[in-house]
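# A look at the structure
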Amino acid sequence: MLCLARVSLVSLLGFVFTSGCYNQPSPPGQGNDGESADSSGTDGVVTATDGTTMTASTSMTTTTQGESTVSTSASSTDPTATSESTTSDPTDPTQTTGETETETETGVVACGDGSAAAGEFCPPDAAEVFGVGNGAADVVLADIDGGRPDIITLDILASTVSVLRNDDAGSFSAAESHAVTDGACRIQAIDGDGDDDIDLAILGNGIVSLINDGDGGFSRNDSDVTPFPGCEDHHDLGVLNNNGGPIDVVFSGAYNNSFASGTNGGSGWAFAAPIGIGGPGESSSGVTVTEFSSDADNIPDVVVLNQYYGEGQLFRGDGDGGFAAAGSYEACAGLGEGARFATTGDLDSDGQIDIVTTCMTGNFTLALGNPDGTFDAPVEILFAGAHRPLVADVNLDDYPDVLVSSSSLDRINVYINDGAGGLAMPVQLDVGGPARSVDVGDLNGDGAADIVAAFTGGQGGGVAVFFGQP
């Protein structure tokens, strides 16, 4: 069992930088499958776009390189280095242990005492695995029937949604299967029609809504929206609400990024004809709904990525389905690779949105936001096959942590945030197959964060559940 208290092992804040086509596009000289090797033990290595590379360890020092100040860490093999907890060799990605008890300002944080405490992260040694539909690639946790969160997966190969109902104690029923559109690859759970229960939106060759009857039963409603067909790493779906009515969606489908307003004409939650966000863009990939702190208007904004180019595009929403270009940020720019998916959160506690982006050839980046709406140059964290990122507080200290799935290493890495944007060496959770999506929630009511990943294995689809051990 692992138990980590909040300790900053890698500081990412000390960098100062100077710094309508429908033909399948040809990549400008780079791969796009994220299947880079990880034989050299590079998890936790941080690289700036100027070529600076550092390895995570335990105690902070500050050095200077030319005109750039770099906050690094002293080697954990240095006998003079001290910290609140200890780790094994930080350059070895197989070593991610921590002290089981750590003294904090509020007392002793101890795994296994039955009490979830701030700063405590206690995953099990192995996951519990539940079978779902073939090709499970996306997962969400949501309460569909008035209890604790249930597990819902989107199964690419089966073109189904699988629902595992929670008995409110962290045990689950056998998977219930719901047929959806072919090519289905992204799912979102939200109260789409405003009746106080959780519905589902699914992106595939069309957009389907599964409308909840209030008890977790679903009726299917297909929308007259036809994204570019297929299901690859450049198809993504986000949800937003502009006018208080049915929930709207934004989506990407290889060539365009689009907005479709939610409708409810008596037949259930559906979507109107889409409107393009920006111009047509070959190889559009992820779309992320967020709210830029710099505009403070509480209207949803959008981050748009491209699988062949390293810049992410920023669009400010006007609250009426329109989006105005608001500049760009370096997502994977300078790293010789395009961008895959992004997520946002305030990682350094400055009130500004920061962006975590996975890159098409593996690894991921963190770009810190500024009050003027710009973003710092990205800091790269090496993680082969990095696929879909998630920002969530897994150790209950009110600072968002970073979780990233890997489609080539068959695992999830969990990076504990120190509240100032410093990410600890990752805790590695082995999933059992290519891990493309991850979500976090309290499944059994013990107060600890549980982590769920969807994966595809030799026997079809599955979800790996890592129950917290408070």
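Parameters at a glance
Residues numbered from 1 in each chain as written. Predicted model: local features only at pLDDT ≥ 70, side-chain atom pairs only at ≥ 80, totals over all residues. Heavy atoms only, no water. Helix = DSSP H or I, 4+ residues; strand = E, 2+ residues; numbered from the N terminus. Polar contact = N/O pair within 3.5 Å; in protein donor to acceptor, adjacent residues only side chain to side chain. Buried < 20%, exposed > 50% of the residue type's maximum accessible area, 1.4 Å probe, protein only. Pairing = 2+ DSSP bridges. Axes fitted to C-alpha atoms, helices over the stretch in contact; angles between N-to-C directions. Disulfide = S-S within 2.5 Å. Core = buried A, V, L, I, M, F, W, Y, C linked by side-chain atoms within 4.5 Å. Contact = heavy atoms within 4.5 Å. Salt bridge = Lys/Arg side-chain N within 4 Å of Asp/Glu carboxyl O. Phe/Tyr/Trp six-rings, centres within 6.5 Å; stacked < 30°, edge-to-face > 60°. pLDDT = per-residue confidence, 0-100.

### As for the environment of Asp199
Relative to the elements of secondary structure, Asp199 occurs in strand β13 (residues 199-203). Engagement of the side chain of Asp199 in a polar contact is seen with the backbone nitrogen of Asn212, the distance being 2.7 Å.

### Digging into the pairing of β13
Summarising burial for β13: five of the five residues are buried, a large majority. Bridge count for strand β12 (residues 186-190) against β13 is five bridges, and the pairing is antiparallel. From the neighbouring strand, Ile190 faces β13, where its bridge partner is Asp199. Sheet topology places β13 next to strand β14 (residues 207-212); four bridges connect them, and they run antiparallel. When the bridges of β14 are listed, Leu200 appears paired with Leu210.

### Some points on the sheet that holds strand β32 (residues 411-415)
Read from one edge of the open sheet, four strands run β30-β31-β32-β33, paired in antiparallel fashion. Of all strands in the sheet, those bounded by a partner on one side alone are β30 (386-392) and β33 (427-430). Across the sheet, the mean angle separating the axes of adjacent strands is 20° when strand polarity is ignored. Direction of pairing for β30 relative to strand β31 (residues 401-406): antiparallel, over a ladder of five bridges. Within the sheet, the bridge partner assigned to Pro389 lies in β31 and is Val404.

### Here we look at the state of the cysteines
On inspection of all chains with the given rule, the structure shows two disulfides. Each sulfur of the disulfide joining Cys111 and Cys122 lies 1.9 Å from the other. Its torsion about the S-S bond being -80°, the disulfide of Cys111 and Cys122 is classed as left-handed. On the criterion of sequence distance, the pair formed by Cys111 in the loop between β6 (107-110) and β7 (128-132) and Cys122 in the loop between β6 and β7 is long-range, its members being 11 residues apart.

### Quick word on the pairing of β32
Across the five residues of β32, five count as buried, placing the element largely inside the fold. Neither face of β32 is left uncovered, since the one carrying Arg411, Asn413 and Tyr415 and the one carrying Ile412 and Val414 both have all their residues buried. Judged from the five bridges that link them, β31 and β32 form a sheet pairing that is antiparallel. The partner of Leu403 across the bridge, within β32, is Val414. Between β31 and β32, which pair antiparallel and follow one another directly, the connecting turn spans four residues, one of which, Asp410, has a positive phi of 60°.

### A closer look at the nonpolar core
If you look at the biggest cluster of nonpolar residues, it comprises 21 residues, and the most contacted ones within it are Val394, Leu403, Ile412, Val414, Val431, Val440 and Ile451. Elements with a minimum of two residues in this core: β30, β32, β33, β34 (435-441), β35 (450-457) and β36 (460-466). Residues contacting Ile412, with those up to four places away along its chain left out, are Leu403, Val404, Ser405, Val427, Gln428, Leu429, Val431, Val438, Ile451, Ala453 and Phe466. Of all hydrophobic cores here, the second largest spans 15 residues; its members include Leu154, Val163, Ile202 and Phe218.

### A short note on the pattern of salt bridges
Tallying each qualifying case throughout the model produces six salt bridges. Across the pair Arg165 and Glu176 runs a salt bridge whose closest N-O atoms are separated by 2.5 Å. Taken together, the positions of Arg165 in the loop between β10 (160-164) and β11 (176-179) and Glu176 in strand β11 put the pair 11 residues apart, joining distant regions of the chain. With a shortest N-O distance of 2.7 Å, Arg220 and Asp222 are connected by a salt bridge.

### Re the environment of Gln307
Of note, Gln307 is situated in the loop between β23 (301-306) and β24 (311-317). For Gln307 and Cys332, which are 25 residues apart along the polypeptide, the C-alpha to C-alpha distance reads 10.0 Å.

### Structural notes on the packing of aromatic side chains
Summed over the entire model, instances satisfying the criterion amount to five aromatic pairs. An angle of 75° between the planes, with centres 5.3 Å apart, marks the rings of Phe130 and Phe172 as edge-to-face. Here the residue Phe130 occupies a position in strand β7, and Phe172 occupies one in the loop between β10 and β11, the gap between them amounting to 42 residues. The exposure classification of Phe130 matches that of Phe172, with both residues buried.

### Thoughts on the confidence of the model for the protein chain
Of the residues in the protein chain, 75% reach a pLDDT of 70 or more, and the chain-wide mean stands at 79. Contacts for the low-pLDDT stretch residues 47-104, under 50 throughout, to residues beyond four places or in other chains number 126 contacts.

### A word on the side chain of Ser209
With respect to the helices and strands, Ser209 occurs in strand β14. Looking at Ser209, its side chain comes within polar contact range of the main-chain oxygen of Trp269, at 2.3 Å.

### Notes on the sheet that holds β36
Taken together, four strands build an open sheet; the order of strands is β7-β36-β35-β34 and the sheet is antiparallel. The open sheet is flanked by β7 and β34, the only strands paired with a single partner. Between one strand axis and the next, the sheet turns through 25° on average, direction left out of account. Sheet topology places β34 next to β35; six bridges connect them, and they run antiparallel. Bridge assignment links Val440 to a residue of β35, and that residue is Ile451.

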